[in-house]
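Working through the structure, step by step
The lines below spell out each chain.
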Amino acid sequence: MKKTLIFAGLASLLATTAMAQEIGATISRFDDNWLTVMRNGMTEHADSLDGVSLQMEDATDDLAKQIDQVKNFVASGVDAIIVNIVDTSAGAAITEAAGGTPLVFVNREPDNVNDLPPTQAFVASNEIESGTLSAFQICNNLRADGKAGGARGYLMNGQLSNQAAVQRSKDVHDVIGMDMCNFMTIIDEQTANWSRDEAQDLMTNWMSSGEPFDFVLANNDEMAIGAIQAMKAAGMDMASVQVGGVDASQDALLTMQSGDYDVTVFQDAFGQGAGSVDTALALVKGMAVDQKVYIPFVLVTPANMGDFLSKN
Amino acid sequence: MSDEVVLRTQDLTKYYGGVHALEGANFEMKKGEHIAIMGDNGAGKSTFVRQITGVEQRTRGDVWLYGEEVSFAGPLDAREAGIETVFQTLALADDLDVPDNLFLGREKTFADWLGPFRFLDYKAMRKATLAGLEKTGVKIPNIKNTIRNMSGGQRQCVAIARTATFHSRLTIMDEPTAALGVQETAQVENIIRTLKEAGEPLILVSHNMRQVMDLVDRIIVFRRGRICANLRKEDTNGEDVVAYITGAKTQPEYADAAA
Amino acid sequence: MTDTSHGVGGLTFDKTKRSWPNEMNIFFALLIIVIIFEILGQILPYMNGQSFLFDTRGRFDTIFNEARLQIIILQVAIIGIIALGVTQVIITAGIDLSSGPLVAATAMIAMSFAQTELVNGNPNPKAIFGLWAMDLPVIVPVVVGLLFGAMIGAINGTFVAYFRIPPFIATLGMFLICRGIALWWSAGRPVSFPTESYKFIGSGMMPVVWFLSLAVIFHIILRYTVYGKHTYAIGSNEEAARMSGINVRRHKVMVYMIASMLAAFAGVVLSAKASTAQAGMGEFYELFAIAMAVIGGISLTGGRGSIIGTVLGAMVLGVIRSGFTFVKLDGSYQLMAMGGIIIAAVILDQYRQRNRA
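Owing to the predicted nature of the structure, the values given are computational and were not obtained by experimental measurement. (Residues numbered from 1 in each chain as written. Chains lettered and ligands numbered in written order. Predicted model: local features only at pLDDT ≥ 70, side-chain atom pairs only at ≥ 80, totals over all residues. Heavy atoms only, no water.)

Here we look at the pairing of strand β10 (residues 202-205) of chain B
Residues and elements named next belong to chain B. Alternating residues of β10 divide into Leu202 and Leu204 and Ile203 and Val205, and every residue in both groups is buried. When strand β3 (residues 34-39) meets β10, the two strands line up parallel, connected through four bridges. Its bridge partner lying in β10, histidine 34 is registered against leucine 202. Bridge analysis of strand β9 (residues 170-174) against β10 gives four bridges, and the strand direction is parallel. Residue pairing in the sheet places methionine 173 in a bridge with leucine 204 of β10. Chirality of the crossover, the property in question, places the unit of β9, helix α6 (residues 182-197) and β10 among those that are right-handed. (Buried < 20%, exposed > 50% of the residue type's maximum accessible area, 1.4 Å probe, protein only. Helix = DSSP H or I, 4+ residues; strand = E, 2+ residues; numbered from the N terminus. Pairing = 2+ DSSP bridges. Right-handed = clockwise from strand over helix to strand, strands pointing away.)

Let's talk about the sheet that holds strand β4 (residues 60-65) of chain B
Residues and elements named next belong to chain B. Pairing in this open sheet of four strands is antiparallel, and the strands run β2-β1-β4-β5 from one edge to the other. Lying at the two open borders of the sheet, with one neighbouring strand each, are β2 (19-30) and β5 (68-70). Between one strand axis and the next, the sheet turns by 25° as a mean value, whatever way the strands run. With eight bridges connecting them, strand β1 (residues 5-16) and β2 associate as antiparallel partners. In the strand pairing of β2, lysine 14 is matched with leucine 22. Docked against the sheet, helix α1 (residues 45-52) engages β1, β2 and β4, running at close to 115° with respect to β1. (Axes fitted to C-alpha atoms, helices over the stretch in contact; angles between N-to-C directions. Contact = heavy atoms within 4.5 Å.)

Quick look at the packing of aromatic side chains
Summed over all chains, the structure comprises 21 aromatic pairs over all chains. Between the aromatic rings of phenylalanine 37 of chain C and phenylalanine 324 of chain C, the centroid separation amounts to 5.7 Å while the plane-to-plane angle is 70°, which identifies the pairing as edge-to-face. Here the residue phenylalanine 37 of chain C occupies a position in helix α1 (residues 22-43), and phenylalanine 324 of chain C occupies one in helix α12 (residues 307-326), the gap between them amounting to 287 residues. Comparing phenylalanine 37 of chain C with phenylalanine 324 of chain C, the two get one shared label, buried. One aromatic cluster is present, built from ring pairs that chain together Phe113, Phe129, Trp132, Trp184 and Trp185 of chain C. In this arrangement the basic side chain of arginine 8 of chain B is found over the ring face of tryptophan 64 of chain B, its NZ or CZ atom lying 4.5 Å from the centre. Between arginine 321 of chain C and the ring centre of phenylalanine 288 of chain C, over which it is positioned, the NZ or CZ distance is 5.5 Å. (Phe/Tyr/Trp six-rings, centres within 6.5 Å; stacked < 30°, edge-to-face > 60°. Lys NZ or Arg CZ within 6 Å of the ring centre and 35° of its normal.)

As for the interface of chain C and chain A
Interface size is often expressed as the accessible area that is lost when the parts come together. Across the boundary between the two partners, chain C contributes 38 residues, which contact 32 residues of chain A. Interface area, chain C with chain A, both sides summed: about 2,800 Å², of which 42% is carbon and sulfur. Scanning the region where chain C abuts chain A turns up one salt bridge. Of the charged contacts, one joins lysine 273 of chain C and aspartate 201 of chain A as a salt bridge, the two residues approaching to 2.7 Å between their closest N and O atoms. The interface formed by chain C and chain A contains 16 residue pairs in polar contact (both at pLDDT 80 or more). Those elements that provide at least two residues to the side of chain C that touches chain A are α2 (66-91), α5 (167-185), α10 (248-274) and α12 of chain C. Sorting elements by how many residues they give to the side of chain C that touches chain A places α2 of chain C first, with four residues. Looking at side-chain class alone, the side of chain C that touches chain A contains 15 nonpolar, 14 polar and nine charged residues. (Buried area = accessible area lost by both parts, 1.4 Å probe. Salt bridge = Lys/Arg side-chain N within 4 Å of Asp/Glu carboxyl O. Polar contact = N/O pair within 3.5 Å; in protein donor to acceptor, adjacent residues only side chain to side chain. Nonpolar A, V, L, I, M, F, W, Y, C, P; charged D, E, K, R; others polar.)

And the structure:
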């Protein structure tokens, strides 16, 4: 990909500079699996470059704390800041807190992404793709199973204060709204807060009503896995249900390997992490960069899952 | 009244740092006697009680209980030796019922090998409670009621009934009716009379002159940490005792207290 | 209602009638909530006359929708285990805020000793320790988890009893410490893929089996043993307990240890059920556990409370969760309803207390 080459070029360029670069990064939460992979991607990438030191902070889902962390970074004179924003509607506040210090938003799209000052940029994947890829593939699978006459299912949301959750669910509704897929109906949609065990209980609750269903869509793998565990515990045949999610985590891929999980979407956590570091360094050097960089999602099914087993 | 000496102290002394709260108390009590300890605030009454019940450790002096020299490491030791104390604050747990409170800390149990999880022998405790209540003349229709639902007087009676249940050898009451109304005070005094009839020795710390004159055989007066009078009830009256308390008079044997 | 009995010297006493146990009230509240959801299922147009409690589709042998009854209690069983411990702590007039993060930390630690070597025939990608820690007998992770819980509980109890730090503060500090431990343990990475025998601990209705068995055991302990009696005594009047010769400090440490061990066990069951351990698990569990006890009629000032009440409190929360999913109402309403019920439970209890005296 063109953008990947640009990054590679920048990286090698920057790696040769002798001056030490200090980057301060604040991540919305440390206990999220996917974000942990991204965080590790940032750290490993920074370690591989000479003279780049990376300081990591946990915002514990607290926006006020995150803004303070950004201000602290500015006060201690870091060369660049990377922010995985807690609340996507607070972009302006973070932008202002950073002042003139170069800043990169990573993974979560702030609402001011189109009005960023020249010292700031955004690296992520477009959540419009994630939910769409997942739902669309499920739609195709259902057709292949001969259910084009009508299919009913459930949708599990992530934390609704997360733009990713909101967007992914919207994607599902948009896909179902299309002519090709409007044979699908959502019986109910509820939140399981990204959590596997909450999803287990939610799925069991849904199943207790006895309504037959053909698919389960979830905003992330953890919830999809929870749903699968609940369905298996109830003795359901996983071949009769299509289950789709997002992330392509290791646990998910192994579940896919056992044949229980049908569709997921790979979000390049490592790539986003490393990319954010490179963009930050580029901003420090005053180079011209794309202010909005979208790293693509990739659809993962049993057919190509082998490629991704070692990635997340 | 027999001649057996229940409690004797010799030179019982307690200093709190530089404060001489109790100095050289020589006290003797015979079986069947009811003795009142009186004195102004800070005179040393409560300090004296605290030393002989093991709540505190004395600075100097000796104590004999039924002829045996004793030294209590804590209030539990005193209790085990047979001294039962009824404190002004009662030491009752509001949410527990009568048998629970009576047996608190010394429950009857079985399956003792279970340690802290040994089982409570409710039947035995109930039986012993009823016997103890009867002995002190306290009537409670429903002993399974929690203490919270009882009046101050009833609670005090329960606390006193504790002494009867555990066959105490000496009962000490510290201001038992100070917080009670007239009728409840009468109830408690009735129980004290019952104890007297049963020949149980009692030390009563009280400010209430009328009560003291009604109930006890002898009055010991403390002043400024020392005993300044040892009076038989027949030999004295209210005014007289007050004079000793305030220091207007001192018995010749205790002349050093007047200093 | 006074009944005067004359004893020696004209003693009179009030006889209070044997009162209606509070647990009956909670049971009735539970029935009322169930009936409300049943009615909603009938009258709400989009529900198409579905039944909350009864098996209208003829899927089960009994008239009840067994799947629903099962999930009602299954989804609160794990927090219920924590609540059994918290109940005891609150009875001593203390509080334990550290249960949630303790669940997460224990899950991470125990799961690390419960991992299986091969997943789908390939080496376990989530291995924390080397081969020596793989495929261990299930007793190992369970004991490790319980020991961790015992340690945390001992620390909590020591701070409260010996250093006289207010329980709120001590356990709040432990809340933060355990959160840190959970995050630090595997640098935020989840620990997954346990052995089959470990998974069994949390499989199917096992969490309910654990919850109800432990409830029965602790009900017996609280009501019929010396430990139980002393727990109530300390909460009711700590000074009286001390003066009666009870070793109050040592007892408190025991109570906090038991509570933390129960929370640790909840962590084991949770990770077994989900086949994973994640640092973010157990969020808000300590608050829900306290809520169960409060709805069950416990007094936060100590001396009053029962295991039966707590179990009923757990069922109330379970019914609310399932009920809201049943009528397809958003999760935010659920939280508001739970909060409302907790406050109502406390108000009703205070009203009852005032009327008794």
